[in-house]
Amino acid sequence: MKETFSLKVNGQTHTVEAEPDTPLLYVLRNQLELNGPKFGCGLEQCGACMVLLDGKANPSCRIPVVGVKDMSITTLKGLMQQDGSLHPVQQVFEKGQTAQCGYCLNGMIISAVALLEENPQPDEAAIREGMQRVLCRCGTHTRVIRAIQSATETTNP
Amino acid sequence: MKSTYTRRKFLRDTGGLTVAFTLFSGCGLSAEKAPAVEGELPGSLSRNPKVNAWLQILEDGRVHVYTGKIELGQGIRTAVAQMAAEELSTDMDMIEVHLVETGVTPDEGYTAGSGSIINSAMSVRYAAAYARTLLLERAAKKLGTSADKLTLADGEVATSDGQQKLTFAEILDGEQLEEEVPASVTLKPKKDYQWVGKPIPRPDISQMVRGEPFYIQDLRFPGMVYARVVRPSAYQAELLEFDEAVLKQQVSGVLKVVRNGSFLGVITEDEYQAEKAQRILQSNAKWSEASALPGGLDLVDHLKSLPANSEAVEEADFQADENTLKANYFKPYIMHGAIGPSCGIALYEDGQLHVWSNSQGIYPLRNAMPEVVGLTAENIHIKGVPGSGCYGHNASDDAAVDAALLAMAYPGKHVRVQWSREDEHGWEPFGTAMVMELAANLDANGKIATWRTELWSDSHSTRPSGDPGNLLTAHYLKNPFAKKSYGYSGGGYRNSQPYYTVPQLKVDAHFFEGPLRVSSLRSLGAYANIFAIESFMDELAEKAGKDPLEFRLMHSEDPRGIAVMKKLQEMTQGQSAGEGEGLGYAFSRYKNSASYCAVAAKLKVDSGSGKIQMQRMWGVIDAGETINPDGLKNQTEGGMIQSASWTLREEVLFNEQHVTSRNWDTYPIFRFPDVPLVEVAIIDRPEEPALGGGEAAQAPSSAAIANAVYRACGKRIRHLPVTPEKITGS
């Protein structure tokens, strides 16, 4: 049975109708038409569906929508400023051409934002640890590590 | 870089149905069936010689470029746009690239085999160069002057005094350039290049970082419905019964359950309902017993025992004696493992079937589909849309067919089929397992005198190619289409002949039909063959008492091959291996006729646990003329990391029933703590033909790692993947 929920996504409150156990990912993608989080495994194994829940990176493919109604949800789109300018992490990924097919890019950027929030100066080992939930099949890992390293330089001159 | 891409524009470009089927003429033949007229023009262009097949001038002066290829993450759109912008001396922003679409773009067969630059981008180069000539000629006529007194740049033709100007649109007056491109077309001198050979950033990456709609998964149509397919319990199992009543009790929003033989699909209002419906049908469907897979058997013995078609690839006398060095190698089944499981969308309306797919072969897929859906090819329109990276023939075609069948059964609505992760892992066509048995004799000077390779492989292509028997779902219909016994066998002995001086070479290939579904995986047989050859080269070097890299150079004649190895030597010169560490090298020229690539790997082996930690990898690539150096680097870096994951982690496992590697826990691939930092150097050869670089790093990376493991711990692992258990021998 569908119920009505109020969700706080990217700083705005949205009302959605969904069965309470619907994974958050489907609501974000199909109802709110947000393209950042991707369907990758539905098993919380690959990180393609990462979103920020109260600032922490979390897969959205299994967590029921009923469980996040009091949380602040941020997707790739929500990282951008109102005027369309990019978050520093988005900027370094764009500048470093840090993608091939780009399907994992959402998980990479969201996880990197959460990592830098927690640890503004991660060393390489901390970056690897902080990013390990996100899989990339094209093999862009070196670029991702370098992008995050350059973000630490940008945000902490 | 600013992105101005909007959702509306995405739907307009990608979702629209206002397709002019007559825009493009001469697209009836698939590239595979077309006569092989190979003049001086690139292959795709000789089959589609008209300028307007490749580019058209829009009224606002922008240039629309048509490619018969699809974006796979290799950045082909950017490379194609660079070519057009260069020859037309215009800004990149003026170029819009239209990816493969039946009836609209040229039919370029498959986006595969590192062929997109060689065929598509080169065709666009020639077509744009000739368009330049034609635009100048027509402008000259209009302005009453001669073409050599005019300049063409930034979408305009101007007289040399700048007094008179005509835009491209003004020159053409609504016409397009229908002339055929001659082989004699004059290309822009390379010294004047502004775009080609430069690391032009990919505009699509700007869309991706913003989460703008880009992928097939991002297509949303009004009233679109969601579907999933329930796969059998085993390859050969038949559907006996299922309980639709229970399904409808437990899941709301079920619009239709479609059964056709053993094909079972369910269409629902929303995506979660489809996921739940699939789960419930999976639990209540009953399937027939299927013949058992050889799970639990020794796979090498099993594969070698299968009936085989044999082919003598190279013939020579080979005599083994007590000094002969022999070694046997094995590569398991490996999966493509796209991060986004396959997705297909279809709409059946007014007798026309429209399909959206990220298949590598949009035209060949269209040509395979008519019998399956009961329509003529003319009534099937397929539009290529980027998807998750696929690395070969994965299940994308199958998802498109699933969507097509369900859309035929539920007309008037866009039906979106999403494969589950478990089904993607379990049902995609894998890269086949291979066995390679090598033997060689050295002469008195420690040089290779005779060499023998015997290899066993399944097919490396069961792509649609107009044959419905190659479409997964078609096997399970009430009136099924049989799977062909043997697909493309040439991929099995790709790179089986060493690219070294070998006076006597004998190579035999045996093609079996193995237990698992297989097709093309990045580099085909080259990965396994080079793993064997380049491991064996190190073993031979040791027997000859030579340094491995020097031993390769001793047997090399091609200066370009020598150059990549020397460059690699230079890059790794300062590296020293500490306790438990090893540095290994390997080289190959992809297909023995395409890009040259040498790879070094540095790693550490834990003496107690046998755990292997990758540290660094270096790659040197010569892909001839480089169109986009950052794109080539990106592809090569990625190839090295992907290959390292294949080599150290990956193996598709199965039991008697079916594949048991069904998710990322049971089929682990590299994660961040596992990956080496990689560094790539390009040897650019602007005056040489472009060779295509997307697959060159796969093969040498594997042997470089195995050679490094040997150096680190003294264990020669010939049976992939290289795991700690094999190192500790426990």
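Residues numbered from 1 in each chain as written. Chains lettered and ligands numbered in written order. Predicted model: local features only at pLDDT ≥ 70, side-chain atom pairs only at ≥ 80, totals over all residues.

Caption draft 1: Highlighting the overall build of chain B. A tally of regular secondary structure across chain B gives 20 helices and 24 strands. Viewed in the frame of its principal axes, chain B has a C-alpha envelope of about 80 × 75 × 45 Å. For chain B, the residues scored as buried account for 56% of the 730 residues in total. Counting contacts in chain B only where the partners sit at least 6 residues apart, residues at least 24 apart contribute 79% of the total. (Helix = DSSP H or I, 4+ residues; strand = E, 2+ residues; numbered from the N terminus. Buried ≥ 20, exposed ≤ 12 C-beta atoms within 10 Å, placed from the backbone. Contact = placed C-beta atoms within 7 Å.)

Caption draft 2: Broad picture of the overall build of chain A. When its secondary structure is counted, chain A shows six helices and five strands. When the elements of chain A are put in sequence order from the N terminus, they spell out β-β-α-β-β-β-α-α-α-α-α. Over its C-alpha atoms chain A spans a radius of gyration of 15 Å, differing by no more than 12% from the 15 Å that the globule rule assigns to 157 residues. Contacts in chain A between residues at least 24 apart in sequence constitute 58% of all its contacts with a sequence separation of at least 6. (Rg over C-alpha atoms; globule rule 2.2 N^0.38 Å.)

Caption draft 3: Broad picture of the pairing of strand S22 (residues 596-605) of chain B. All names here are of chain B. Of all 10 residues in S22, 10 are buried; the element is thus mostly enclosed. By the alternation rule, side chains of S22 split into Tyr596, Ala598, Ala600, Lys602 and Lys604 and Cys597, Val599, Ala601, Leu603 and Val605, which are all buried. Where strand S21 (residues 581-589) meets S22, nine bridges bridge the pair, whose relative direction is antiparallel. Pairing of Phe587 across the sheet is with Ala598, part of S22. Where S22 lies against strand S23 (residues 612-622), 10 bridges are found, and the strand directions are antiparallel. (Pairing = 2+ DSSP bridges.)

Caption draft 4: Structural view of the interface of chain B and chain A. Between chain B and chain A, the residue contacts involve 47 residues of the former and 47 residues of the latter. If you list the elements that add at least two residues to the side of chain B that touches chain A, you get helix H7 (203-209), helix H9 (271-284), helix H18 (629-649) and strand S24 (677-682) of chain B. When residues of the side of chain B that touches chain A are assigned to their parent elements, the largest contribution, eight residues, is made by H18(B). Here the side of chain B that touches chain A is built from residues that sort into 20 nonpolar, 15 polar and 12 charged. (Nonpolar A, V, L, I, M, F, W, Y, C, P; charged D, E, K, R; others polar.)

Caption draft 5: Highlighting the packing of helix H4 (residues 105-118) of chain A against helix H5 (residues 124-131) of chain A. Residues and elements named next belong to chain A. Axis separation between H4 and H5 bottoms out at 9 Å; the angle between their running directions is 125°. When the interaxial angle is binned, H4 and H5 end up oblique. The crossing of H4 and H5 is right-handed. The segment H4 lies against H5, with Met108, Ser111, Ala112 and Leu115 engaging Ile127, Gly130 and Met131. The class makeup of the residues in the contact of H4 with H5 is five nonpolar, two polar and no charged. (Axes fitted to C-alpha atoms, helices over the stretch in contact; angles between N-to-C directions. Parallel < 35°, antiparallel > 145°, perpendicular 65-115°, else oblique. Left-handed = near helix turned anticlockwise from the far one by under 90°.)

Caption draft 6: Layout of the packing of helix H15 (residues 526-544) of chain B against helix H19 (residues 698-713) of chain B. Residues and elements named next belong to chain B. Here H15 crosses H19 at 35°, and the two axes come no closer than 7 Å. Between H15 and H19 the crossing geometry is right-handed. Judged by residue contacts, Ala526, Tyr527, Ile530, Phe531, Glu534, Ser535 and Asp538 of H15 engage Gln698, Ala699, Pro700, Ser702, Ala703, Ala706, Asn707 and Tyr710 from H19. Within the contact of H15 with H19, the residues separate by chemical class into nine nonpolar, four polar and two charged.

Caption draft 7: The arrangement of the sheet that holds strand S5 (residues 72-74) of chain A in detail. All names here are of chain A. If you trace the five strands from one edge of the open sheet to the other, you get S2-S1-S5-S3-S4, paired in mixed fashion. Of all the strands in the sheet, just strand S2 (12-18) and strand S4 (56-58) have a single pairing partner and so form its edges. Looking at each pair of strands side by side, their axes are set apart by 40° on average, direction ignored. Two elements, strand S1 (residues 3-9) and S2, share seven bridges in a ladder whose sense is antiparallel. For Leu7, the partnering residue across the bridge sits in S2 and is His14.

Caption draft 8: Structural view of H15(B). An ideal rise of 1.5 Å per residue puts 27 Å on 19 residues; H15(B) measures up with 26 Å between its terminal C-alpha atoms. Of all 19 residues that make up H15(B), 15 are buried, and the element is covered over most of its length. (Expected span 1.5 Å × (residues − 1).)

Caption draft 9: Geometry of H19(B). Residues and elements named next belong to chain B. With 16 residues, H19 should cover 22 Å at 1.5 Å per step; its first-to-last C-alpha distance of 24 Å lies within 8% of that length. H19 sits mainly inside the fold: 16 of its 16 residues count as buried. Phi turns positive one or two residues past the end of H19, at Gly714, with a value near 80°.

Caption draft 10: Structural context of the nonpolar core. All names here are of chain B. Core analysis: the largest hydrophobic core is formed by 268 residues, its most contacted members being Ala84 and Val709. Broken down by element, this core gets its largest block of residues, 13 residues, from helix H5 (residues 116-143). In contact with Ala84, other than residues within four places in its own chain, are Leu55, Val63, Val65, Ile95, Val124 and Ala128. (Core = buried A, V, L, I, M, F, W, Y, C linked by C-beta atoms within 7 Å.)

Caption draft 11: Broad picture of the sheet that holds strand S6 (residues 165-167) of chain B. All names here are of chain B. Ordered by their spatial adjacency, three strands build an open sheet running S4-S5-S6, and the pairing between neighbours is antiparallel. Where the open sheet ends on each side, the last strands, each with one partner, are strand S4 (150-153) and S6. Here the strands of the sheet are splayed against their neighbours by 20° on average, with no regard to which way each runs. The pairing of strand S5 (residues 156-159) with S6 spans three bridges and is classified as antiparallel. Across the sheet, residue Ala158 finds its bridge partner in S6, namely Lys165. With respect to the sheet, H5 is in contact with S4, S5 and S6, its orientation differing from that of S4 by roughly 135°.

Caption draft 12: Here's a closer look at the pairing of strand S9 (residues 254-260) of chain B. Residue and element names in this part refer to chain B. Direction of pairing for S9 relative to strand S10 (residues 263-268): antiparallel, over a ladder of six bridges. Residue Val257 lies in a different strand from S10, and its bridge partner there is Val266. Taken together, S9 and the strand that follows it, S10, pair antiparallel across an intervening segment of two residues, in which Gly261 is found at a positive phi of about 65°.

Caption draft 13: Fine view of unusual backbone geometry. In this model, Leu720(B) is joined to Pro721(B) through a cis peptide bond whose omega is -5°. Along the chain, the position of Pro721(B) falls in the loop between H19 and helix H20 (724-728). Positive phi is not limited to glycine here, since Gln97(A) has a value of about 50°. Here Gln97(A) is to be found in the loop between helix H3 (88-95) and H4.

Caption draft 14: The arrangement of the environment of Ser661(B) in detail. Residues and elements named next belong to chain B. Relative to the helices and strands, Ser661 is located in the loop between H18 and S24. Each C-alpha atom of the pair Ser661 and His425 lies 6.6 Å from the other, and the pair is 236 residues apart in sequence. The residues contacting Ser661, other than those within four sequence positions of it, are His425, Val652, Leu653, Thr666 and Tyr667.

Caption draft 15: Geometry of the environment of Leu549(B). Residue and element names in this part refer to chain B. Secondary-structure assignment places Leu549 in helix H16 (residues 548-554). Each C-alpha atom of the pair Leu549 and Ala586 lies 8.0 Å from the other, and the pair is 37 residues apart in sequence. When neighbours within four sequence positions are excluded, Leu549 is seen to be in contact with Met565, Gln569 and Tyr585.

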